[in-house]
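Chain by chain, the residues:
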Amino acid sequence: MIEPFDDIYFMKRALQEAEAAFEKGEVPVGAVVVIDNKIIARGHNLTETLNDVTAHAEMQAITAAANYLGGKYLMNCALYVTLEPCQMCAGALNWSQISKIVFGARDEQRGCINLKTKLHPKTIISGGVLQEEASRLLKRFFVERRNLN
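Rules used in this analysis
- Residues numbered from 1 in each chain as written.
- Predicted model: local features only at pLDDT ≥ 70, side-chain atom pairs only at ≥ 80, totals over all residues.
- Heavy atoms only, no water.
- Salt bridge = Lys/Arg side-chain N within 4 Å of Asp/Glu carboxyl O.
- Helix = DSSP H or I, 4+ residues; strand = E, 2+ residues; numbered from the N terminus.
- Buried < 20%, exposed > 50% of the residue type's maximum accessible area, 1.4 Å probe, protein only.
- Axes fitted to C-alpha atoms, helices over the stretch in contact; angles between N-to-C directions.
- Parallel < 35°, antiparallel > 145°, perpendicular 65-115°, else oblique.
- Left-handed = near helix turned anticlockwise from the far one by under 90°.
- Contact = heavy atoms within 4.5 Å.
- Nonpolar A, V, L, I, M, F, W, Y, C, P; charged D, E, K, R; others polar.
- UniProt positions renumbered as here; feature names shortened; annotations may be inferred.
- Arc of directions from axis to C-beta.
- Lys, Arg positive; Asp, Glu negative; His and termini not counted.

1. Let's talk about the pattern of salt bridges
In step 1: Overall, the coordinates contain three salt bridges when judged by the stated rule.
In step 2: We note a salt bridge from Lys-100 to Asp-7, for which the minimum N-O separation is 3.2 Å. Taken together, the residues Lys-100 in strand β4 (residues 100-105) and Asp-7 in helix α1 (residues 7-23) connect sequence positions 93 residues apart.
In step 3: With its nearest N and O atoms 3.6 Å apart, the salt bridge here joins Arg-140 to Glu-144. Highlighted residues: Arg-140 and Glu-144, both in helix α5 (residues 131-148), separated by four residues, approximately one helical turn.
In step 4: With a relative accessible area of 38%, Arg-140 lands in the partly exposed category.
In step 5: Judged by its relative accessible area of 37%, Glu-144 falls in the partly exposed class.

Encoded structure:
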């Protein structure tokens, strides 16, 4: 039985999404949205595929979750994402009023924590869940990308 909001279980599902992005040549970031211990939305980076700078994993997952729920607010939901959200995604998560954000790897340059991006006052954020796995996948992607150029 999975405990409610089992961070490792759900982060592993987000890592599967990141792998899907990797296979498409996208920066390997994946996300899932969970409510009542059930995944209701998935997403991974599609910025290259869609030629859209806003097509981050979080944005894809937010839209899918809102469609699933039939409304724009993600209260009582948790987002599991393999990389710390950027300022754009954190802004969207703020507006969604999501209850919990769990990320894997830190993004020291563009992450919302270093940039002190505001989140909804009731949103809980934590990081470092399966950080090594998420970081390894990102590093592998960029090493392979550099070797192609």
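2. Some details on the packing of helix α3 (residues 57-69) against helix α4 (residues 87-96)
In step 1: Where α3 contacts α4, the axes come no closer than 9 Å and their chain directions differ by 20 degrees. What the angle tells us is that α3 and α4 run roughly parallel. Between α3 and α4 lies a crossing of left-handed hand. In this structure, α3 uses Glu-58, Met-59 and Ile-62 to contact α4, whose residues at the interface are Met-88, Cys-89, Ala-92 and Leu-93.
In step 2: Across the contact of α3 with α4, the residue classes tally to six nonpolar, no polar and one charged.

3. Thoughts on the UniProt feature "active site" (unreviewed entry) in the protein
In step 1: Sites flagged by UniProt as "active site" (unreviewed entry) map to Glu-58.
In step 2: Relative to the assigned elements, Glu-58 resides in helix α3.
In step 3: The class of Glu-58 is buried, set by a relative accessible area of 3%.

4. Details of α4
In step 1: Here α4 has its buried residues at Cys-89, Ala-90, Ala-92, Leu-93 and Ser-96. All buried residues of α4 project into a common sector of 160 degrees when viewed along the axis, lining one side.
In step 2: Buried residues along α4 sit against α3, β3 (77-83) and β4.

5. Observations concerning the side chain of Asp-107
In step 1: With respect to the secondary-structure elements, Asp-107 resides in the loop between β4 and β5 (124-127).
In step 2: In this structure, Asp-107 is buried with no salt-bridge partner, the nearest side chain bearing the opposite charge being Arg-110 at 4.8 Å.
In step 3: If we skip the residues at most four places from it in the chain, Asp-107 touches Leu-83 and Glu-84.

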